[in-house]
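Listed below are the residues making up each chain.
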Amino acid sequence: MEIIIIKVTFPNIEETKRVCTYLLQHKLISSANYFPIKSISSWTGSIKEVKEYIAFLKTKSTNWEKVRDKIKEIHPYKIPCIIKINAEANVDYKSWIISQTQQ
């Protein structure tokens, strides 16, 4: 079984924690790392720089669609950034990720 990292951005720490906690409680991810960032993008016709939080969510690849769809459902952004990154890890950590997520 393969593992992935899902990169997601959020407007603030409260939303970051809310979504990550939900995903953990429902065993859709094994863990999350998050921290503040600055983002710049073109949005509604102008270039904007904003402060955000980024989260890296770890899960097995078979959970991709479930996690993506749940984030889209509960995320505060109209168009959230949800990016899947294929990953490799040491055997023990990979086993732990798989054991912590639903079947």
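None of the values given here were measured: they were computed from a predicted structure. (Residues numbered from 1 in each chain as written. Predicted model: local features only at pLDDT ≥ 70, side-chain atom pairs only at ≥ 80, totals over all residues. Heavy atoms only, no water.)

(A) Looking closely at the overall build of the protein. Within the protein, the regular secondary structure consists of 3 helices and 4 strands. Its helices and strands taken in sequence order, the protein reads β-α-β-β-α-β-α from the N to the C terminus. Relative to its length of 103 residues, the protein is compact, with a C-alpha radius of gyration of 14 Å against a globular reference of 13 Å. In terms of its C-alpha atoms, the protein occupies a principal-axis envelope of roughly 45 × 25 × 20 Å. (Helix = DSSP H or I, 4+ residues; strand = E, 2+ residues; numbered from the N terminus. Rg over C-alpha atoms; globule rule 2.2 N^0.38 Å.)

(B) Structural context of the side chain of His-75. Structurally, His-75 is set in the loop between helix 2 (64–74) and strand 4 (82–87). For His-75, the side chain forms a polar contact with the main-chain oxygen of Thr-9, separated by 2.7 Å. At a separation of 2.9 Å, a polar atom in the side chain of His-75 contacts the main-chain amide nitrogen of Tyr-77. If sequence neighbours within four positions are ignored, His-75 has contacts with Val-8, Thr-9, Phe-10, Pro-11 and Pro-80. (Polar contact = N/O pair within 3.5 Å; in protein donor to acceptor, adjacent residues only side chain to side chain. Contact = heavy atoms within 4.5 Å.)

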